[in-house]
There are 2 protein chains.
Amino acid sequence: MNNSVPLPGGFRASGVACGIKRDPAKLDLTLVVSDRPAAAAGVFTRNRVAAAPVRLSRTRVPSDQARAVVANSGNANACTGAAGLANARRMTDLVATGLGSPADAVLVCSTGVIGEPLPMARIELGIARALDSLSGEAGALERAARGIMTTDTVPKLVTRDAELDGTRIRVSGIAKGAAMIGPNMGTMLSFLLTDARIAAHELQGMLARAVERSFNCISVEGHTSTNDTVLALASGAAGAEALSGEAADRFAALLADACTELAQKIVRDAEGAKHFVTIDVVGMASEPDALRIAQTVAGSPLVKTAIYGADPNWGRFVSAAGYAGVPFDEMELRLWLNGTLLFERGAPVPFDARAVSERLRGERDVDLRLEFSLGTASCRWWTCDLTEEYVRLNADYHT
Amino acid sequence: MNNSVPLPGGFRASGVACGIKRDPAKLDLTLVVSDRPAAAAGVFTRNRVAAAPVRLSRTRVPSDQARAVVANSGNANACTGAAGLANARRMTDLVATGLGSPADAVLVCSTGVIGEPLPMARIELGIARALDSLSGEAGALERAARGIMTTDTVPKLVTRDAELDGTRIRVSGIAKGAAMIGPNMGTMLSFLLTDARIAAHELQGMLARAVERSFNCISVEGHTSTNDTVLALASGAAGAEALSGEAADRFAALLADACTELAQKIVRDAEGAKHFVTIDVVGMASEPDALRIAQTVAGSPLVKTAIYGADPNWGRFVSAAGYAGVPFDEMELRLWLNGTLLFERGAPVPFDARAVSERLRGERDVDLRLEFSLGTASCRWWTCDLTEEYVRLNADYHT
């Protein structure tokens, strides 16, 4: 299915194997190129410790002159010092030379295990191969998606088509990982490509808002990687006029929708997870308050193990909301699990615990809804359960 | 060993079985009584959702007229509504009637599974039995410690003797659980008893400071229970004069020391844990900053699984510090694991990974040290690792 995700106009992509990963058949270097200077925007990790590729790419967006994104997997450039920065810069220099573009038109990402020096000779070989195998054909974007995978079990791709002001445009994207879900320090990376024409500063604002409600509303174990990066490139190949007004708004919605689908795919592929959990928090005084409660509930290991154990344990859900640091009166809180009301007015309500538990056990998707009476702000968050398999994967990965 | 922990003068205690727990041999009701009105202080959960016993006890401390603490285990009174409050009040009324004291001289706690109504008939039986079996002899405090156990594998007791201003005084204490470590919503409870004479408002300040650096510096999975309670009672049986000046300071240190030992016992008995981890954060601009970094590192499932997996994964430790929300320059951070320097100046240093890993695997105790150059504030935190056993206990406890 994913194989058929097409590239938007003006882009070519490649994913190649260059021996960074142990398995020589696995792709570990990805290149995405815009044939002409493109608008580029980026949103980066909020971790105080930012890896060298993040530090370099941050200085190069927003830009109206971007040409490419290069990324390796298998071994992360997670260093923050001079050596890490030199390696990140070298990767962009090699791509720039290959394309005949300025070095600062190239953005860079890196993901994978840490602790080993980046194997630059292999990466240089990989960049040469990736430049040689750039393609705009079907399958190229899937290879690019595979080239950034670490512990992902499936490549993650999305595409959307729309007609805006009489012009057909496309948004396609790829993503990998989720926060630091992975034993391999599995950074979250995503690249969104569009042939719409849009100014870089506008694209930056749209991407920031889209990320706020998609990639920033997911958690696996809540560990923020030092390498998290979401990039958007707009080639402008679909139209001569930059989008504005309602067409720009519709494009922003399309971009946000693509980001949301990719974010959900990340959570659905989270390590060891058996359940995909959607958390709605409604009736809050402000959106930051709603997000704080959703994030805290999503991050509670006791909530996660209750869902894994198919246990409608209202006490764990309610008390997790209670320690989020957001003032509320629990007499005003109502809690639903998969549509069944479990708790209101400070006490559990009678419900068929066996039926609720059986549905939890039988279905992968779980809906948790916390309803307050403090205002009209709301949010939606996606997370997964916590399983023995997660612990095993993250404790035993060296053996 | 623990059996020999003596009560301070002026106190009697009991722990009885009244059928709240499934196993009829297990103690599930605890009573501690001061023969004369005692100074009492309390520190309670910061969770916005506070259970009825917390809501009631909060209104009764600090006080110079306290007589007793009653607590049940096996089934928590976790409700926040009127029914929960009526049950909590009834427990204190029964004890007060038995002692011939005012109702507000009795404090109450409750811990155990939630979702079932509190079995008040059994609790009333238990309170009658506990009143009948109060004792000041050796063994009474251990029975009291057993009466509040839920998933604890051992009763937790501590005692300290000292001579202050020529008067011999004693502090003894009991504790159970750790935050919400337990499948049984295992609240953290602790009761500290002393025969020192001290004014209630002074005792309140001393207890608050002691808790800040002991029970508030431990985490298992970071889920704050709705029932957490630490109480201190001072009978004054050891002296006619209230402590003041240097003697009061020495008493405060003794109280803090007892709290720290109990807090450590809780972490050492954490569910499924294989390692006891001490985290030192030094060189911070402020103590709250140091605590935030320690708590975030302690709370990271990737840090916890790395320790379980005996993996000296500096990237997980450093990046966890990075998302604590405290500004720092990672070039200034140095990280030690069990005395071995792993990371400095933004990059790992060469170290014998096999030796560090073998020591992690072979020893229960782990020391993690994060050294910054931002100031002189520091803190110490205690936590444990995350194991498959923890997930199993918290997902499968109904079966």
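Scroll up for the structure.
This structure is a prediction, so every number in the text was calculated from the model and none was measured. (Residues numbered from 1 in each chain as written. Chains lettered and ligands numbered in written order. Predicted model: local features only at pLDDT ≥ 70, side-chain atom pairs only at ≥ 80, totals over all residues. Heavy atoms only, no water.)

**Q** Teacher, can you tell me more about the packing of helix H5 (residues 200-212) of chain A against helix H6 (residues 245-268) of chain A here?
**A** Packed helices, taken two at a time, are described by their axes: the angle between them and the distance between them. Residue and element names in this part refer to chain A. Remark: H5 packs on H6, axes separated minimally by 9 Å, with the N-to-C direction vectors making an angle of 45 degrees. By the angle between their axes, H5 is oblique relative to H6. In this structure, H5 crosses over H6, and the sense of that crossing is right-handed. On H6, the residues that touch Glu202, Leu203, Met206, Leu207 and Ala210 of H5 are Ala248, Phe251, Ala252, Leu255, Ala256 and Cys259. Taken together, the residues that form the contact of H5 with H6 break down as ten nonpolar, no polar and one charged. (Axes fitted to C-alpha atoms, helices over the stretch in contact; angles between N-to-C directions. Helix = DSSP H or I, 4+ residues; strand = E, 2+ residues; numbered from the N terminus. Parallel < 35°, antiparallel > 145°, perpendicular 65-115°, else oblique. Left-handed = near helix turned anticlockwise from the far one by under 90°. Contact = heavy atoms within 4.5 Å. Nonpolar A, V, L, I, M, F, W, Y, C, P; charged D, E, K, R; others polar.)

**Q** I would appreciate a short explanation of the sheet that holds strand S11 (residues 340-344) of chain A in the present structure.
**A** In a beta sheet, neighbouring strands are held together by backbone hydrogen bonds and run either parallel or antiparallel to one another. Residues and elements named next belong to chain A. Here six strands make up an open sheet; going across it, the order is S12-S11-S10-S13-S9-S14 and the pairing mixed. Strands with a single pairing partner mark the edges of an open sheet, and in this sheet they are strand S12 (347-348) and strand S14 (377-384). As defined by bridge partners, strand S10 (residues 334-337) adjoins strand S13 (residues 365-371) across four bridges and the pair is classed as antiparallel. Bridged to Leu337 within S13 is Leu368. (Pairing = 2+ DSSP bridges.)

**Q** Teacher, can you tell me more about the pairing of strand S6 (residues 167-176) of chain A here?
**A** Taken residue by residue, a regular strand's side chains alternate between the two faces of the sheet. Residue and element names in this part refer to chain A. In terms of burial, S6 is a largely internal element, seven of the ten residues being buried. Hairpin connection, strand S5 (residues 156-164) to S6: the antiparallel pair is bridged by two residues, and Asp165 has positive phi, about 55 degrees. Pairing of S6 with strand S7 (residues 189-194) involves six bridges; the strand directions are antiparallel. Paired with Val171 across the strands is Thr194, a residue of S7. (Buried < 20%, exposed > 50% of the residue type's maximum accessible area, 1.4 Å probe, protein only.)

**Q** Quick question: what am I supposed to make of the relation of the copies chain B and chain A here?
**A** Each copy of the chain is related to the other by a rotation around an axis and a translation along that axis. The two copies are related by a screw motion: chain B maps onto chain A through a turn of 180 degrees and a shift of 0.0 Å along the axis, at an RMSD of 0.0 Å. What the rotation and shift describe, once combined, is the action of a two-fold rotation axis. Measuring from the rotation axis to each C-alpha of chain B, the shortest distance belongs to Glu388 of chain B, at 2.3 Å. When the interface residues of chain B are mapped onto chain A, 98% of them are again interface residues, pointing to one common binding face. (Least-squares fit on C-alpha atoms with pLDDT ≥ 70 in both.)

**Q** Would you take a moment to explain the packing of aromatic side chains for this structure?
**A** For any pair of aromatic rings, geometry is given as the distance between the ring centres together with the angle between the planes. One pass over the full model with this rule turns up four aromatic pairs over all chains. Judged by centre distance (5.0 Å) and plane angle (70 degrees), the rings of Phe328 of chain B and Phe372 of chain B are edge-to-face. Of this pair, Phe328 of chain B sits in the loop between helix H9 (314-322) and strand S11 (334-337) while Phe372 of chain B sits in the loop between strand S14 (365-371) and strand S15 (377-384), and the two are 44 residues apart along the sequence. In terms of burial, Phe328 of chain B and Phe372 of chain B fall into one category: buried. In this arrangement the basic side chain of Arg268 of chain A is found over the ring face of Phe276 of chain A, its NZ or CZ atom lying 3.8 Å from the centre. If you follow Arg369 of chain B out to its NZ or CZ, it ends over the ring of Trp336 of chain B, 5.9 Å from the centre. (Phe/Tyr/Trp six-rings, centres within 6.5 Å; stacked < 30°, edge-to-face > 60°. Lys NZ or Arg CZ within 6 Å of the ring centre and 35° of its normal.)

**Q** Just checking my understanding: could you explain the pairing of strand S9 (residues 229-234) of chain B for this structure?
**A** Residues and elements named next belong to chain B. Taken across its six residues, S9 has six buried, putting it largely inside the fold. Taken together, the six bridges between strand S2 (residues 29-44) and S9 define a ladder with antiparallel strand orientation. Residue Phe44 lies in a different strand from S9, and its bridge partner there is Thr229. By the bridge criterion, six bridges tie strand S7 (residues 189-194) to S9 in an arrangement that is parallel. Paired with Ser190 across the strands is Val230, a residue of S9.

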